[in-house]
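Now for the letters of each chain:
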Amino acid sequence: MDHIEIPYIEGDGAGEDIWHASREVLEETVLKAYEGTKKLVWIPLLAGQKAFDRTGNLLPEETVDTVKRYKVAIKGPLTTPIGGGFRSANVHLRQVLDLYVCLRPIRYFPGLPSPLKKPEGVDLIICRENTEDIYKGIEWKEGSNEALALLAFLKEKMGVALARDTGLGVKPISRTGTARFARWVIEYAVKNRRKSITVVHKGNIMKYTEGAFREWAYDVAREFEEYVVFDVEDGKISFNDRIADNMFMQVILKPEDYDILLCPNLNGDYLSDACAGLIGGLGVAPGANIGDHAAIFEPTHGSAPMYAGKDLSNPTSFLLSGAMMFRHMGLGRAAQLLERAIEETIGRKIVTYDLARQMDGVTPVRCSVFGEEVKKRLVQGAGT
(Lines give C-alpha, C1' and ligand atoms only; values in the text may rest on other atoms or scores of the structure.)
Protein backbone atom coordinates (compact mmCIF):
# COMPACT_ATOMS: atom_id res chain seq x y z
CA MET A 1 0.00 0.00 0.00
CA ASP A 2 1.24 3.48 -0.91
CA HIS A 3 1.13 5.70 2.20
CA ILE A 4 0.54 9.36 1.32
CA GLU A 5 1.68 11.67 4.13
CA ILE A 6 -0.15 14.99 4.42
CA PRO A 7 0.46 17.63 7.11
CA TYR A 8 -2.72 19.15 8.57
CA ILE A 9 -3.63 22.03 10.86
CA GLU A 10 -6.90 21.39 12.67
CA GLY A 11 -7.67 25.09 13.08
CA ASP A 12 -9.38 27.19 15.74
CA GLY A 13 -13.02 27.59 16.73
CA ALA A 14 -15.23 25.33 14.66
CA GLY A 15 -12.15 23.90 12.97
CA GLU A 16 -12.12 20.92 15.35
CA ASP A 17 -15.69 19.93 14.44
CA ILE A 18 -15.00 20.33 10.73
CA TRP A 19 -11.82 18.27 10.89
CA HIS A 20 -13.47 15.42 12.80
CA ALA A 21 -16.33 15.35 10.28
CA SER A 22 -13.94 15.37 7.30
CA ARG A 23 -10.97 13.23 8.25
CA GLU A 24 -12.53 9.81 7.62
CA VAL A 25 -14.25 11.10 4.49
CA LEU A 26 -10.92 12.11 2.98
CA GLU A 27 -9.36 8.81 3.99
CA GLU A 28 -12.25 6.79 2.56
CA THR A 29 -12.11 8.77 -0.69
CA VAL A 30 -8.52 7.72 -1.39
CA LEU A 31 -9.10 4.11 -0.36
CA LYS A 32 -12.19 3.92 -2.58
CA ALA A 33 -10.68 5.74 -5.56
CA TYR A 34 -7.58 3.54 -5.68
CA GLU A 35 -9.14 0.27 -4.49
CA GLY A 36 -7.13 0.11 -1.29
CA THR A 37 -3.72 0.62 -2.89
CA LYS A 38 -3.27 4.12 -1.45
CA LYS A 39 -3.78 5.36 2.11
CA LEU A 40 -3.60 8.80 3.75
CA VAL A 41 -1.35 9.31 6.77
CA TRP A 42 -1.82 12.58 8.68
CA ILE A 43 0.93 14.72 10.22
CA PRO A 44 -0.54 17.10 12.86
CA LEU A 45 0.79 20.68 13.01
CA LEU A 46 0.06 23.69 15.18
CA ALA A 47 -0.78 27.25 14.11
CA GLY A 48 -3.03 30.11 15.18
CA GLN A 49 -4.67 30.48 18.59
CA LYS A 50 -3.94 26.88 19.65
CA ALA A 51 -0.27 27.29 18.85
CA PHE A 52 -0.17 30.64 20.65
CA ASP A 53 -1.84 29.18 23.76
CA ARG A 54 0.51 26.17 23.89
CA THR A 55 3.81 27.64 22.74
CA GLY A 56 3.43 31.42 22.83
CA ASN A 57 4.15 31.42 19.10
CA LEU A 58 1.49 32.08 16.50
CA LEU A 59 3.29 30.10 13.83
CA PRO A 60 5.94 27.68 15.17
CA GLU A 61 9.01 27.12 13.01
CA GLU A 62 8.31 23.38 13.04
CA THR A 63 5.00 24.00 11.26
CA VAL A 64 6.60 26.11 8.54
CA ASP A 65 9.51 23.69 8.10
CA THR A 66 7.18 20.70 7.81
CA VAL A 67 5.03 22.34 5.14
CA LYS A 68 8.18 23.27 3.23
CA ARG A 69 9.40 19.69 3.42
CA TYR A 70 6.15 18.06 2.28
CA LYS A 71 5.23 20.92 -0.10
CA VAL A 72 1.52 20.48 0.67
CA ALA A 73 -0.84 20.80 3.65
CA ILE A 74 -4.50 21.18 4.50
CA LYS A 75 -5.73 23.42 7.28
CA GLY A 76 -8.84 24.55 9.08
CA PRO A 77 -9.69 28.21 9.78
CA LEU A 78 -7.47 30.18 12.15
CA THR A 79 -8.68 32.92 14.49
CA THR A 80 -7.78 36.51 13.59
CA PRO A 81 -8.71 39.18 16.20
CA ILE A 82 -10.25 42.42 14.91
CA GLY A 83 -8.59 45.67 15.90
CA GLY A 84 -5.92 44.20 18.16
CA GLY A 85 -3.99 41.12 19.23
CA PHE A 86 -1.64 39.30 16.94
CA ARG A 87 -1.48 39.66 13.17
CA SER A 88 -3.36 37.14 11.05
CA ALA A 89 -1.79 33.69 11.14
CA ASN A 90 -3.39 32.98 7.77
CA VAL A 91 -1.73 35.98 6.13
CA HIS A 92 1.62 35.34 7.83
CA LEU A 93 1.61 31.70 6.70
CA ARG A 94 1.02 32.77 3.09
CA GLN A 95 3.77 35.36 3.26
CA VAL A 96 6.43 33.25 4.97
CA LEU A 97 5.88 30.42 2.45
CA ASP A 98 5.45 32.87 -0.45
CA LEU A 99 2.08 31.40 -1.44
CA TYR A 100 1.36 34.17 -3.90
CA VAL A 101 -1.73 32.68 -5.55
CA CYS A 102 -5.04 32.31 -3.74
CA LEU A 103 -7.38 30.10 -5.78
CA ARG A 104 -11.08 30.15 -4.85
CA PRO A 105 -13.53 28.29 -7.10
CA ILE A 106 -17.20 29.30 -6.87
CA ARG A 107 -19.41 26.71 -8.55
CA TYR A 108 -23.12 26.04 -8.18
CA PHE A 109 -24.41 22.51 -8.13
CA PRO A 110 -28.02 21.32 -7.81
CA GLY A 111 -29.53 21.52 -4.35
CA LEU A 112 -27.64 24.59 -3.15
CA PRO A 113 -29.77 27.59 -2.17
CA SER A 114 -29.18 30.78 -4.19
CA PRO A 115 -30.67 34.27 -4.50
CA LEU A 116 -30.27 34.01 -8.29
CA LYS A 117 -33.03 32.92 -10.65
CA LYS A 118 -30.54 30.92 -12.73
CA PRO A 119 -27.68 29.99 -10.39
CA GLU A 120 -26.50 27.24 -12.74
CA GLY A 121 -24.57 29.97 -14.56
CA VAL A 122 -22.18 30.39 -11.63
CA ASP A 123 -18.86 28.68 -12.38
CA LEU A 124 -16.12 31.15 -11.46
CA ILE A 125 -12.57 30.88 -10.24
CA ILE A 126 -11.41 33.87 -8.23
CA CYS A 127 -7.62 34.21 -8.42
CA ARG A 128 -6.37 36.56 -5.74
CA GLU A 129 -2.80 37.87 -5.48
CA ASN A 130 -1.83 36.74 -2.02
CA THR A 131 1.26 38.58 -0.80
CA GLU A 132 0.90 42.31 -1.55
CA ASP A 133 -1.69 45.09 -1.23
CA ILE A 134 -2.92 46.14 2.22
CA TYR A 135 -2.38 42.61 3.55
CA LYS A 136 1.29 43.49 3.96
CA GLY A 137 0.05 45.05 7.18
CA ILE A 138 2.06 48.25 6.81
CA GLU A 139 0.16 50.78 8.93
CA TRP A 140 0.57 53.16 11.83
CA LYS A 141 -1.89 54.05 14.57
CA GLU A 142 -3.38 57.53 14.78
CA GLY A 143 -1.29 59.72 17.08
CA SER A 144 1.73 57.39 17.14
CA ASN A 145 5.22 58.83 16.64
CA GLU A 146 5.47 56.94 13.36
CA ALA A 147 2.16 58.29 12.07
CA LEU A 148 3.06 61.85 13.04
CA ALA A 149 6.48 61.54 11.38
CA LEU A 150 4.92 60.28 8.17
CA LEU A 151 2.27 63.02 8.26
CA ALA A 152 5.03 65.60 8.57
CA PHE A 153 6.92 64.04 5.65
CA LEU A 154 3.82 64.03 3.47
CA LYS A 155 3.14 67.68 4.24
CA GLU A 156 6.70 68.98 3.95
CA LYS A 157 8.04 66.84 1.10
CA MET A 158 4.97 65.78 -0.89
CA GLY A 159 2.61 68.71 -0.39
CA VAL A 160 -0.13 66.51 1.09
CA ALA A 161 -1.72 67.88 4.27
CA LEU A 162 -3.78 65.51 6.42
CA ALA A 163 -5.30 65.85 9.87
CA ARG A 164 -2.97 64.98 12.79
CA ASP A 165 -5.45 62.38 14.04
CA THR A 166 -5.14 60.32 10.84
CA GLY A 167 -4.17 56.65 10.90
CA LEU A 168 -1.98 55.70 7.95
CA GLY A 169 -1.41 52.60 5.86
CA VAL A 170 0.58 51.70 2.74
CA LYS A 171 -0.84 49.78 -0.23
CA PRO A 172 2.12 48.19 -2.06
CA ILE A 173 1.56 46.56 -5.47
CA SER A 174 4.70 45.75 -7.47
CA ARG A 175 5.36 44.98 -11.13
CA THR A 176 7.31 41.86 -10.11
CA GLY A 177 4.58 40.51 -7.84
CA THR A 178 1.83 41.25 -10.32
CA ALA A 179 3.69 39.74 -13.27
CA ARG A 180 4.44 36.41 -11.63
CA PHE A 181 0.87 36.17 -10.37
CA ALA A 182 -0.67 37.01 -13.75
CA ARG A 183 1.65 34.54 -15.48
CA TRP A 184 0.61 31.76 -13.10
CA VAL A 185 -3.09 32.49 -13.65
CA ILE A 186 -2.78 32.54 -17.45
CA GLU A 187 -0.83 29.29 -17.44
CA TYR A 188 -3.51 27.77 -15.20
CA ALA A 189 -6.23 28.95 -17.60
CA VAL A 190 -4.41 27.43 -20.57
CA LYS A 191 -3.81 24.12 -18.80
CA ASN A 192 -7.42 23.85 -17.62
CA ARG A 193 -8.97 25.14 -20.86
CA ARG A 194 -10.80 28.05 -19.29
CA LYS A 195 -12.60 30.49 -21.57
CA SER A 196 -11.80 33.96 -20.21
CA ILE A 197 -9.77 36.00 -17.72
CA THR A 198 -11.08 39.29 -16.30
CA VAL A 199 -8.75 41.64 -14.41
CA VAL A 200 -10.69 43.24 -11.54
CA HIS A 201 -9.28 46.59 -10.40
CA LYS A 202 -10.07 50.12 -9.18
CA GLY A 203 -7.55 51.69 -11.51
CA ASN A 204 -9.76 54.67 -12.29
CA ILE A 205 -9.05 55.95 -8.75
CA MET A 206 -5.86 54.19 -7.62
CA LYS A 207 -3.95 54.70 -10.85
CA TYR A 208 -0.45 53.73 -9.72
CA THR A 209 -1.39 50.65 -7.68
CA GLU A 210 -4.51 48.97 -9.02
CA GLY A 211 -4.28 50.79 -12.34
CA ALA A 212 -0.70 49.57 -12.68
CA PHE A 213 -1.85 46.07 -11.67
CA ARG A 214 -4.15 46.12 -14.70
CA GLU A 215 -1.44 47.37 -17.06
CA TRP A 216 1.14 44.85 -15.88
CA ALA A 217 -1.36 41.98 -16.18
CA TYR A 218 -2.03 43.00 -19.80
CA ASP A 219 1.74 43.12 -20.45
CA VAL A 220 2.06 39.50 -19.33
CA ALA A 221 -1.02 38.44 -21.31
CA ARG A 222 0.61 39.74 -24.51
CA GLU A 223 3.34 37.12 -24.01
CA PHE A 224 0.68 34.42 -24.54
CA GLU A 225 -0.55 35.48 -27.98
CA GLU A 226 -0.85 31.83 -29.03
CA TYR A 227 -3.55 31.31 -26.39
CA VAL A 228 -4.92 34.74 -25.44
CA VAL A 229 -6.94 37.35 -27.36
CA PHE A 230 -8.21 40.74 -26.27
CA ASP A 231 -11.63 40.50 -27.88
CA VAL A 232 -13.45 37.26 -28.71
CA GLU A 233 -12.13 34.39 -30.78
CA ASP A 234 -13.24 30.78 -30.65
CA GLY A 235 -10.69 28.46 -29.12
CA LYS A 236 -8.70 31.18 -27.35
CA ILE A 237 -8.89 32.75 -23.90
CA SER A 238 -10.54 36.17 -23.87
CA PHE A 239 -8.55 38.62 -21.71
CA ASN A 240 -10.41 41.71 -20.45
CA ASP A 241 -10.90 43.85 -17.37
CA ARG A 242 -13.65 45.42 -15.23
CA ILE A 243 -13.74 48.14 -12.59
CA ALA A 244 -14.21 46.46 -9.20
CA ASP A 245 -17.57 48.00 -8.27
CA ASN A 246 -18.98 47.13 -11.69
CA MET A 247 -17.69 43.56 -11.28
CA PHE A 248 -19.81 43.09 -8.17
CA MET A 249 -22.89 43.92 -10.23
CA GLN A 250 -21.78 41.72 -13.12
CA VAL A 251 -21.41 38.55 -11.03
CA ILE A 252 -24.99 38.99 -9.84
CA LEU A 253 -26.62 39.91 -13.13
CA LYS A 254 -24.52 37.90 -15.61
CA PRO A 255 -22.29 35.38 -13.83
CA GLU A 256 -22.34 33.09 -16.86
CA ASP A 257 -20.32 35.70 -18.80
CA TYR A 258 -17.31 35.35 -16.49
CA ASP A 259 -14.84 32.58 -15.84
CA ILE A 260 -11.55 33.51 -14.12
CA LEU A 261 -11.32 36.77 -12.15
CA LEU A 262 -7.73 37.99 -11.76
CA CYS A 263 -7.68 40.24 -8.70
CA PRO A 264 -5.31 42.15 -6.44
CA ASN A 265 -5.45 40.98 -2.86
CA LEU A 266 -8.26 43.08 -1.36
CA ASN A 267 -10.58 42.87 -4.36
CA GLY A 268 -10.16 39.09 -4.47
CA ASP A 269 -11.03 38.81 -0.79
CA TYR A 270 -14.20 40.87 -1.17
CA LEU A 271 -15.32 39.12 -4.34
CA SER A 272 -14.79 35.59 -3.08
CA ASP A 273 -17.16 36.21 -0.17
CA ALA A 274 -19.71 38.00 -2.34
CA CYS A 275 -19.68 35.26 -4.97
CA ALA A 276 -19.96 32.56 -2.31
CA GLY A 277 -23.27 34.19 -1.41
CA LEU A 278 -24.54 33.23 -4.87
CA ILE A 279 -24.22 29.51 -4.06
CA GLY A 280 -25.35 29.36 -0.43
CA GLY A 281 -22.45 30.93 1.45
CA LEU A 282 -18.88 30.40 2.58
CA GLY A 283 -19.71 26.95 3.90
CA VAL A 284 -19.43 25.57 0.35
CA ALA A 285 -16.53 27.76 -0.86
CA PRO A 286 -13.13 25.98 -0.94
CA GLY A 287 -9.73 27.61 -1.31
CA ALA A 288 -6.05 27.04 -1.97
CA ASN A 289 -2.92 29.10 -1.39
CA ILE A 290 -0.23 28.15 -3.87
CA GLY A 291 3.38 29.12 -4.44
CA ASP A 292 6.27 27.75 -6.45
CA HIS A 293 7.41 25.44 -3.64
CA ALA A 294 4.35 24.68 -1.48
CA ALA A 295 0.54 24.74 -1.40
CA ILE A 296 -1.93 24.92 1.48
CA PHE A 297 -5.61 24.08 1.05
CA GLU A 298 -8.24 25.56 3.35
CA PRO A 299 -11.90 26.58 3.63
CA THR A 300 -12.63 30.20 2.74
CA HIS A 301 -14.63 30.92 5.91
CA GLY A 302 -13.34 31.98 9.32
CA SER A 303 -13.07 30.07 12.58
CA ALA A 304 -16.61 30.90 13.82
CA PRO A 305 -15.71 30.60 17.53
CA MET A 306 -19.39 30.92 18.53
CA TYR A 307 -20.00 27.51 16.97
CA ALA A 308 -16.92 25.79 18.41
CA GLY A 309 -17.71 22.36 19.80
CA LYS A 310 -21.40 22.52 18.85
CA ASP A 311 -21.19 20.20 15.83
CA LEU A 312 -23.13 22.71 13.71
CA SER A 313 -20.68 24.05 11.12
CA ASN A 314 -20.63 23.05 7.47
CA PRO A 315 -17.62 20.86 6.53
CA THR A 316 -18.31 21.13 2.77
CA SER A 317 -15.78 23.91 2.21
CA PHE A 318 -13.09 21.86 3.94
CA LEU A 319 -14.00 18.72 1.97
CA LEU A 320 -13.99 20.57 -1.35
CA SER A 321 -10.61 22.05 -0.39
CA GLY A 322 -9.50 18.45 0.13
CA ALA A 323 -10.68 17.65 -3.40
CA MET A 324 -8.60 20.58 -4.69
CA MET A 325 -5.61 19.22 -2.79
CA PHE A 326 -6.09 15.75 -4.29
CA ARG A 327 -6.17 17.20 -7.79
CA HIS A 328 -3.05 19.28 -7.07
CA MET A 329 -1.27 16.11 -5.91
CA GLY A 330 -2.20 14.18 -9.04
CA LEU A 331 -5.01 12.25 -7.33
CA GLY A 332 -7.64 13.35 -9.83
CA ARG A 333 -9.73 10.19 -9.47
CA ALA A 334 -10.11 10.83 -5.73
CA ALA A 335 -11.01 14.49 -6.32
CA GLN A 336 -13.74 13.59 -8.77
CA LEU A 337 -15.18 10.88 -6.52
CA LEU A 338 -15.31 13.19 -3.50
CA GLU A 339 -16.92 16.07 -5.40
CA ARG A 340 -19.62 13.77 -6.77
CA ALA A 341 -20.37 12.32 -3.34
CA ILE A 342 -20.74 15.84 -1.90
CA GLU A 343 -23.00 16.92 -4.77
CA GLU A 344 -25.19 13.85 -4.37
CA THR A 345 -25.51 14.42 -0.63
CA ILE A 346 -26.55 18.06 -1.03
CA GLY A 347 -28.77 17.14 -3.98
CA ARG A 348 -30.76 14.97 -1.56
CA LYS A 349 -31.21 18.05 0.65
CA ILE A 350 -28.96 16.67 3.36
CA VAL A 351 -27.38 19.90 4.54
CA THR A 352 -26.14 21.67 7.65
CA TYR A 353 -27.81 24.64 9.34
CA ASP A 354 -26.19 27.38 7.23
CA LEU A 355 -27.82 26.01 4.06
CA ALA A 356 -31.04 24.62 5.57
CA ARG A 357 -32.09 28.05 6.89
CA GLN A 358 -32.14 29.29 3.29
CA MET A 359 -34.31 26.39 2.08
CA ASP A 360 -37.99 25.59 2.58
CA GLY A 361 -38.97 22.43 4.42
CA VAL A 362 -35.43 21.21 5.07
CA THR A 363 -34.28 19.97 8.48
CA PRO A 364 -30.55 20.55 9.04
CA VAL A 365 -28.15 17.77 10.01
CA ARG A 366 -25.15 18.14 12.28
CA CYS A 367 -21.62 18.64 10.98
CA SER A 368 -20.66 15.08 11.90
CA VAL A 369 -23.80 13.63 10.30
CA PHE A 370 -23.10 15.41 7.03
CA GLY A 371 -19.65 13.85 6.97
CA GLU A 372 -21.16 10.42 7.60
CA GLU A 373 -23.63 10.94 4.75
CA VAL A 374 -20.89 11.86 2.31
CA LYS A 375 -18.85 8.87 3.44
CA LYS A 376 -21.91 6.64 2.94
CA ARG A 377 -22.11 7.71 -0.70
CA LEU A 378 -18.43 7.07 -1.16
CA VAL A 379 -18.82 3.54 0.18
CA GLN A 380 -21.85 3.01 -2.06
CA GLY A 381 -19.83 4.20 -5.05
CA ALA A 382 -21.38 7.61 -5.77
CA GLY A 383 -20.47 8.86 -9.22
CA THR A 384 -18.93 5.59 -10.41
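This is a predicted model, so every value here is computed, not measured.

Caption draft 1: Geometry of the overall build of the protein. In terms of regular secondary structure, the protein is built from 13 helices and 13 strands. Scaling as 2.2 N^0.38, a compact globule of 384 residues should have a C-alpha radius of gyration of about 21 Å, and the protein matches this with 22 Å. Expressed as lengths along the three principal axes of its C-alpha atoms, the size of the protein is roughly 70 × 55 × 45 Å. The 384 residues of the protein split such that 53% are buried. Excluding contacts between residues fewer than 6 apart, the proportion of contacts in the protein whose partners are at least 24 apart in sequence is 74%. Put simply, the protein shows about 18,100 Å² of open surface, and 50% of that area lies on carbon and sulfur atoms. Each charge class in the protein can be summarised by its mean position, and for the 48 positive and 52 negative side chains these summaries are 1 Å apart.

Caption draft 2: Broad picture of helix α3 (residues 61-70). Those residues of α3 lying buried are Thr-63, Val-64, Thr-66 and Val-67. For α3, the arc enclosing every buried residue in end-on projection is 165°, short of the 170-degree limit, so these residues lie on one face. Across from the buried face of α3, at angles greater than 90 degrees, the exposed residues are Glu-61, Glu-62 and Arg-69. Directly after α3, the chain includes Lys-71, whose backbone phi takes a positive value near 70°.

Caption draft 3: Region of interest: the pattern of salt bridges. Counted by the stated rule, this structure contains 24 salt bridges. Here Glu-298 ties to Lys-75 by a salt bridge, and the two come within 2.5 Å at their closest N and O atoms. You can see Glu-298 sitting in strand β13 (residues 295-299) and its partner Lys-75 sitting in strand β3 (residues 72-75), a full 223 residues away along the chain. Accessibility expressed as a relative area gives 6% for Glu-298, which makes it buried. Asp-259 serves as the salt-bridge partner of Arg-194, at 2.5 Å between the closest nitrogen and oxygen. Placement of the pair is Arg-194 in the loop between α6 (175-191) and β8 (196-201) and Asp-259 in the loop between α8 (244-253) and β11 (260-263), with a sequence separation of 65 residues.

Caption draft 4: The arrangement of the UniProt feature "site: Critical for catalysis" (unreviewed entry) in the protein in detail. When the UniProt feature table is mapped to this numbering, "site: Critical for catalysis" (unreviewed entry) covers Tyr-135 and Lys-202. Its place among the elements puts Tyr-135 in the loop between β5 (123-129) and β6 (139-140). Assessed through its relative accessible area of 18%, Tyr-135 is described here as buried. Considering the arrangement of structural elements, one finds Lys-202 in the loop between β8 and α7 (210-221). Ignoring any residue separated from it by four or fewer positions in sequence, one finds Lys-202 in contact with Glu-210, Ile-243, Asp-245 and Asn-267.

Reading the values: the criteria
Residues numbered from 1 in each chain as written. Predicted model: local features only at pLDDT ≥ 70, side-chain atom pairs only at ≥ 80, totals over all residues. Heavy atoms only, no water. Helix = DSSP H or I, 4+ residues; strand = E, 2+ residues; numbered from the N terminus. Rg over C-alpha atoms; globule rule 2.2 N^0.38 Å. Buried < 20%, exposed > 50% of the residue type's maximum accessible area, 1.4 Å probe, protein only. Contact = heavy atoms within 4.5 Å. Areas by Shrake-Rupley, 256 points an atom, 1.4 Å probe, with all protein chains shown as cover. Lys, Arg positive; Asp, Glu negative; His and termini not counted. Charge placed at Lys NZ, Arg CZ, Asp CG, Glu CD. Arc of directions from axis to C-beta. Salt bridge = Lys/Arg side-chain N within 4 Å of Asp/Glu carboxyl O. UniProt positions renumbered as here; feature names shortened; annotations may be inferred.

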